[in-house]
Amino acid sequence: MGVLTDYFRAVDAASVVQALEQTDGASPLYAEPSVFDGVEAKRVDPSVVLGQLIAAVQQAEWRVDLVGETTVWPTSPAPGPEGPETDDDPWVTGPWVSQLDPLVRDALAGVHDSEIPAIAARWVQAEELREARAEDMRPLVESLVLLARRAHDAGDQLYCWMSL
C-alpha cells in the first residue's frame, strides 16, 4: 500500500490544525469545500524522497537533515522514550502533518521551468525511485515547483500530510 502524502500551502500551523479538526485529520486537499491549495504525491515522504528532490535541485548529496520539518498534527504531546501507551495513539496511527522548513519552499520556488527535466532526471537516480522514469516524474516536479512558487509569493508555508 505505502504512505499517502499530500503537500499543500497554508498561512500558518494554526489554520492547518483548525482544518484538520474539521475533517478528523483527513487530507485537507479533499475537504469540501476545498481549504488549501496542494498536490497529491503518493509515497513522497518529506525526509527521504522529497529530500532526494531537494538534493537534485541543489545538485548536492542527499542527507537526512536536508528537509527540516516540524510536526503540527497530531496535537497531543509526543510519546516519551518508552513510546506510545496504546496502539491507537494518534502518534502511531496517524495521520501526521508537518510544516516544512521555508528553505525547502524557497529551493523549489527558485527552480526555473527549463531546469525541471534535468531535475527530474537526477531525482529518479535515487534508490527510492529506482523504478520511476524521469518523464513520469516530471509532472510531479513541476506541480511541486508551482506550489512552492505560489506559497512563496503569498508568504505561505509548505506542509505535508501523511497517512498509512
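Preceding this section is the structure that the text describes.
Residues numbered from 1 in each chain as written. Predicted model: local features only at pLDDT ≥ 70, side-chain atom pairs only at ≥ 80, totals over all residues. Heavy atoms only, no water.

### Brief notes about the sheet that holds strand β3 (residues 69–73)
Counted only if it meets this: For two strands to count as paired, DSSP must find a minimum of two bridges between them. Secondary structure elements follow DSSP: runs of H or I no shorter than four residues count as helices, runs of E no shorter than two count as strands, and numbering proceeds from the N terminus. Axis lines are fitted through C-alpha atoms, for helices just across the contact stretch, and the angle between N-to-C directions can take any value from 0 to 180 degrees. Between two residues, a contact is recorded if the distance between any of their heavy atoms is within 4.5 Å.
Spatially, the five strands line up as an open sheet ordered β2-β1-β5-β4-β3, and their pairing is antiparallel. Each having just a single partner strand, β2 (38–40) and β3 make up the two edges of the open sheet. Sheet twist, expressed as the mean angle between neighbouring strand axes with direction ignored, is 25°. Of the pairings in the sheet, the one linking strand β4 (residues 96–100) to strand β5 (residues 157–163) comprises four bridges and is antiparallel in character. Each bridged residue has a counterpart across the sheet, and for valine 97 the counterpart in β5 is tryptophan 161. Together, β1 (4–10), β3, β4 and β5 form the strand contacts of helix α1 (residues 13–22), whose direction differs from that of β3 by roughly 35°.

### Digging into the nonpolar core
In plain terms, the rule: For our purposes a nonpolar core is just a set of buried Ala, Val, Leu, Ile, Met, Phe, Trp, Tyr and Cys residues, chained together by side-chain atoms within 4.5 Å. Partly exposed residues are those whose accessible area sits between 20% and 50% of the maximum for their type, while under 20% is buried and over 50% is exposed, using a 1.4 Å probe and protein chains only.
Of all hydrophobic cores here, the largest spans 38 residues; its most connected members are Tyr7, Leu50, Leu53 and Trp123. Counting residues per element, this core draws most heavily on helix α6 (residues 134–154), which supplies nine residues. In this structure, leucine 53 is in contact with Leu108, Ile119, Trp123, Val141 and Leu144, ignoring residues within four places of it in sequence. Ranked by size, the runner-up nonpolar core spans 13 residues in total, among them Phe8, Val16, Leu29 and Phe36.

### A word on the environment of glycine 83
Tracing the sequence through the fold places glycine 83 in the loop between β3 and α3 (90–93). Glycine 83 gets classed as partly exposed once you look at its relative accessible area, which sits at 26%. Each C-alpha atom, one on glycine 83 and one on arginine 133, is 39 Å from the other, the two residues being 50 residues apart in sequence.

### Examining helix α2 (residues 46–58)
The condition that has to hold: Throughout, the bend at a residue refers to the angle made by two axes, fitted to the seven residues ending there and to the seven starting there.
A bend of about 25° at glutamine 52 is the largest found in α2. Most of α2 is tucked away, with ten of its 13 residues classed as buried. Every buried residue of α2 is accounted for by Pro46, Val49, Leu50, Gly51, Gln52, Leu53, Ile54, Ala55, Ala56 and Val57. Once α2 ends, the next one or two residues include glutamine 59, with phi positive near 50°.

### Structural notes on the packing of aromatic side chains
So the rule is basically this: Pairing of aromatic rings covers Phe, Tyr and Trp, the last counted by its six-membered ring, and requires centre-to-centre distances within 6.5 Å; plane angles under 30 degrees mean stacked, over 60 mean edge-to-face, and any other angle means tilted.
Throughout the structure, instances matching the rule amount to two aromatic pairs. Centroid distance phenylalanine 8 to phenylalanine 36: 5.1 Å. Interplanar angle 25°. Geometry classified as stacked. You can see phenylalanine 8 sitting in strand β1 and its partner phenylalanine 36 sitting in the loop between α1 and β2, a full 28 residues away along the chain. Judged by centre distance (5.5 Å) and plane angle (20°), the ring pair of phenylalanine 8 and tyrosine 159 falls under stacked. Placement of phenylalanine 8 in strand β1 and of tyrosine 159 in strand β5 is noted, with a sequence separation of 151 residues between them. For phenylalanine 8, a relative accessible area of 0% corresponds to the buried category. Joined through ring pairs, the aromatic side chains of Phe8, Phe36 and Tyr159 make up one cluster.

### Points about the pairing of β5
Judged by how many residues are buried, β5 sits mostly within the fold: seven of seven residues are covered. Residues Gln157, Tyr159, Trp161 and Ser163 line one face of β5 and the alternating positions Leu158, Cys160 and Met162 line the opposite face, and both faces are buried. Relative to β5, β1 is paired through seven bridges, and the arrangement is antiparallel. Within the sheet, the bridge partner assigned to phenylalanine 8 lies in β5 and is tyrosine 159.

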